[in-house]
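As a plain string of letters, each chain reads:
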Amino acid sequence: MSTPSLGAVGIPTATPAKARTTGAPAALAHPVEVATLWRPSAPCTPQGCVDATRPARAVPLAALRIAAVLLLLTIGFLLTPLGGRIPGGQVRRWSRWVVRAAGVQVRIDGRAASEGGLLLVANHVSWLDIPLLAAVRPARMLAKSEIRQWPVAGWMTARSGALFIDRDRIRALPDTVARIAEALRAGEAVAVFPEGSTWCGRAQGHFRRAAFQAALDAGVPVQPVRLRYRTAQGSPSTAAAFVGADSLLTSVWRVVRARELVAEADVREPIAPGSRPDRRSLARAAEVSALLGAHRVQVPRPSRSVARPAKGGIRAVPAAVVEEAPSVPSPEPLTA
């Protein structure tokens, strides 16, 4: 990803990149993306943000853990034709097993509603977020359309009932929102990562608003969940992060090599339907709930200037400054 590391924007970074060599081959790498208004992109990179996996597991044990994860995933996807006939408790248990098979402890604080339409929203750090969120409440995932092209993983994602969003076709966004709302009205849970990109966990982005319109249209609650990765001693860890030019296999290998890694899901209070008047305020309420106390960073946006009165006449003010200033809510287009 051709964006600056967190160190370049004033966030303390982890140990130097040379300490993080895992030796895993590259596969399923993140495509290089440019941050735009429609395609959010985090400044996190493996070199600047990801912790070294120390102490590390022995290679044979790490390989066994990958085999265990693959076995559980295979069993799970073979059972997908059974659909809703599998009790939710069994799905949540299987999801925990996937995370545990990778050698990661699981801690879930709080519970989500076990039935009825629900929009699950969470910050996005790792590929582990998906089974971790499913351990809170089994749900249909909203995934970027590029995943469909991934070998094996794309087929599995589609088979799981995921909803796809094409981030390059803004005109297709209302149809995506309508499909999410339809699933919510049918009593299904839909899981969304509104930041639109993975972050390292030491810093977070902002929640995009589009998916929240589906919750408003369907009249269902929004369930914020805060996902965190720590060491057994309680210190924040970025070892599980899947960011920048990281490949999926490299990230998986780093996780299974890491010892004493803990995945936490903090289920916050649900936001009741009708308690917020529009998607902007609903997204903001969910963001504050899920990311409260986290270090957020403003991702550079396309350069543009806005005219503002000054003592000497008119001066140009960077758009990012204007957007951070309080303003009176006004009607807005349906954007991500």
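Criteria and cut-off values
Residues numbered from 1 in each chain as written. Predicted model: local features only at pLDDT ≥ 70, side-chain atom pairs only at ≥ 80, totals over all residues. Heavy atoms only, no water. Helix = DSSP H or I, 4+ residues; strand = E, 2+ residues; numbered from the N terminus. Buried < 20%, exposed > 50% of the residue type's maximum accessible area, 1.4 Å probe, protein only. Contact = heavy atoms within 4.5 Å. Pairing = 2+ DSSP bridges. Axes fitted to C-alpha atoms, helices over the stretch in contact; angles between N-to-C directions. Lys, Arg positive; Asp, Glu negative; His and termini not counted. Salt bridge = Lys/Arg side-chain N within 4 Å of Asp/Glu carboxyl O. Polar contact = N/O pair within 3.5 Å; in protein donor to acceptor, adjacent residues only side chain to side chain. pLDDT = per-residue confidence, 0-100. Core = buried A, V, L, I, M, F, W, Y, C linked by side-chain atoms within 4.5 Å. Parallel < 35°, antiparallel > 145°, perpendicular 65-115°, else oblique. Left-handed = near helix turned anticlockwise from the far one by under 90°. Phe/Tyr/Trp six-rings, centres within 6.5 Å; stacked < 30°, edge-to-face > 60°. Patch = residues over 30% accessible without salt bridge, like charges linked within 9 Å, V, L, I, M, F, W, Y side chains within 5 Å. Areas by Shrake-Rupley, 256 points an atom, 1.4 Å probe, with all protein chains shown as cover.

Undergrad: Would you mind going over the overall build of the protein with me for this structure?
TA: Check the secondary structure of the protein and you find ten helices and eleven strands. Within the span of the protein, comprising 336 residues, buried residues form 47% of the whole. The contacts in the protein between residues at least 6 apart in sequence include a share of 80% that link residues at least 24 apart.

Undergrad: Any chance you could explain the sheet that holds strand 2 (residues 118-122) here in plain terms?
TA: Each strand in a sheet pairs with its neighbour through backbone hydrogen bonds, running either in the same direction (parallel) or in the opposite one (antiparallel). The sheet built from seven strands is open, its strands ordered 1-8-7-2-5-3-4 with mixed pairing. Looking at which strands have only one partner, the edges of the open sheet turn out to be strand 1 (104-109) and strand 4 (163-165). The mean inter-strand angle of the sheet, taken between neighbouring strand axes irrespective of direction, is 25°. Summarising the sheet, strand 7 (residues 222-231) and strand 8 (residues 261-267) pair through seven bridges and their orientation is antiparallel. By the bridge assignment for strand 8, Thr231 is matched with Leu261. Sitting on the sheet, helix 7 (residues 210-218) touches strand 2, strand 5 (189-192) and strand 7, and the angle it makes with strand 2 is about 155°.

Undergrad: Even after reading the chapter, I still don't get the side chain of Asp129, so can you show me in this structure?
TA: Secondary-structure assignment places Asp129 in helix 4 (residues 129-136). One buried charge, Asp129, has no salt-bridge partner; the nearest side chain with opposite charge is Arg228, at 11 Å. A distance of 2.5 Å separates the side chain of Asp129 from the backbone nitrogen of Val125, its partner in a polar contact. In this view, Asp129 contacts Asn123, His124, Phe193, Leu227 and Tyr229; residues no more than four positions away in its chain are not counted.

Undergrad: Honestly, the confidence of the model for the protein in this entry has me stumped. Any pointers?
TA: Interpreting fine coordinate detail is not advised for predicted regions of low pLDDT. Confidence in the prediction of the protein, expressed as mean pLDDT, is 76, and 71% of residues score 70 or more. Element-level pLDDT for the protein is lowest in helix 10 (residues 319-324), with a mean of 30, against a maximum mean of 97 in strand 2. In this model residues 1-37 is a low-confidence stretch, pLDDT under 50, and it forms 89 contacts with partners more than four residues away in sequence or in other chains. Ignoring residues within four places in sequence, the model shows residues 295-336, a span with pLDDT below 50, making 62 contacts including any to other chains.

Undergrad: How do you make sense of helix 4 when you look at a structure like this?
TA: Since there are 3.6 residues in each turn of an α-helix, residues three or four apart along the chain are aligned in direction. Across the eight residues that make up helix 4, a large majority, seven, are buried. Turning to helix 4, its buried residues are Asp129, Pro131, Leu132, Leu133, Ala134, Ala135 and Val136. Its buried side turned inward, helix 4 meets helix 3 (88-101), strand 1, strand 2, strand 5, strand 7 and strand 8.

Undergrad: So what exactly am I meant to see when it comes to the nonpolar core here?
TA: Among the nonpolar cores identified, the biggest contains 52 residues, and Val104, Trp127, Leu128 and Val255 are the most heavily contacted of them. The element contributing the most residues to this core is helix 8 (residues 248-257), with five residues. Apart from the residues within four sequence positions on either side, Leu128 is in contact with Val99, Val104, Tyr229, Ala240 and Val255.

Undergrad: How should I be thinking about the packing of helix 3 against helix 4 in this particular structure?
TA: Helix packing geometry: the angle between the two helix axes and the distance between the axes. Viewed as axis vectors pointing N to C, helix 3 and helix 4 meet at an angle of 150°, and their least axial separation amounts to 7 Å. Between helix 3 and helix 4, the interaxial angle falls into the category roughly antiparallel. Considering how the two elements wind past one another, helix 3 and helix 4 form a crossing that is left-handed. Residues Arg92, Ser95, Arg96, Val98 and Val99 of helix 3 form the contact with helix 4, whose own contacting residues are Pro131, Leu132, Ala134, Ala135 and Val136.

Undergrad: Is there a simple way to explain the pairing of strand 2 in this structure?
TA: Each regular strand displays side chains that alternate between the two surfaces of the sheet. Burial analysis of strand 2 places five of its five residues in the buried class, the great majority of the element. Of the two faces of strand 2, the one holding Leu118, Leu120 and Ala122 and the one holding Leu119 and Val121 are both buried throughout. Note: strand 2 against strand 5, four bridges, orientation parallel. Considered in strand 5, the bridge of Leu118 is made with Ala189. Pairing of strand 2 with strand 7, which is carried by four bridges, proceeds in the parallel orientation. Bridged to Ala122 within strand 7 is Val225.

Undergrad: How should the environment of Gln47 be read in this particular structure?
TA: When you line up the elements, Gln47 lands in helix 1 (residues 46-49). Distance in space between the C-alpha atoms of Gln47 and Asp246 is 9.3 Å, their sequence separation being 199 residues.

Undergrad: Would you take a moment to explain the packing of aromatic side chains for this structure?
TA: In this description, a pair of aromatic rings is defined by centroid distance and the angle of the planes. As enumerated under the stated definition, the model contains one aromatic pair in all. Between Phe207 and Phe212 the ring centres are 6.4 Å apart and the planes differ by 25°, which places this aromatic pair in the stacked class. The same class applies to Phe207 and to Phe212, which are both buried.

Undergrad: I'm lost on a nonpolar patch on the surface in this one. Help?
TA: Together, Leu71, Ile75, Leu79 and Leu82 make up an exposed nonpolar region whose accessible area comes to about 340 Å². Position of Ile75 relative to the elements: it lies in helix 2 (residues 59-78). Residue classification places Ile75 among the partly exposed residues on the basis of a relative accessible area of 39%.

Undergrad: Looking at this structure, how should I read unusual backbone geometry?
TA: In most cases, non-glycine residues show a negative phi, while peptide bonds are predominantly trans. Phi angles above zero are rare outside glycine, and Glu260 is one such case at about 60°. Note that Glu260 resides in the loop between helix 8 and strand 8. Residue Glu260 is classed as partly exposed on the basis of its relative accessible area, which comes to 37%.

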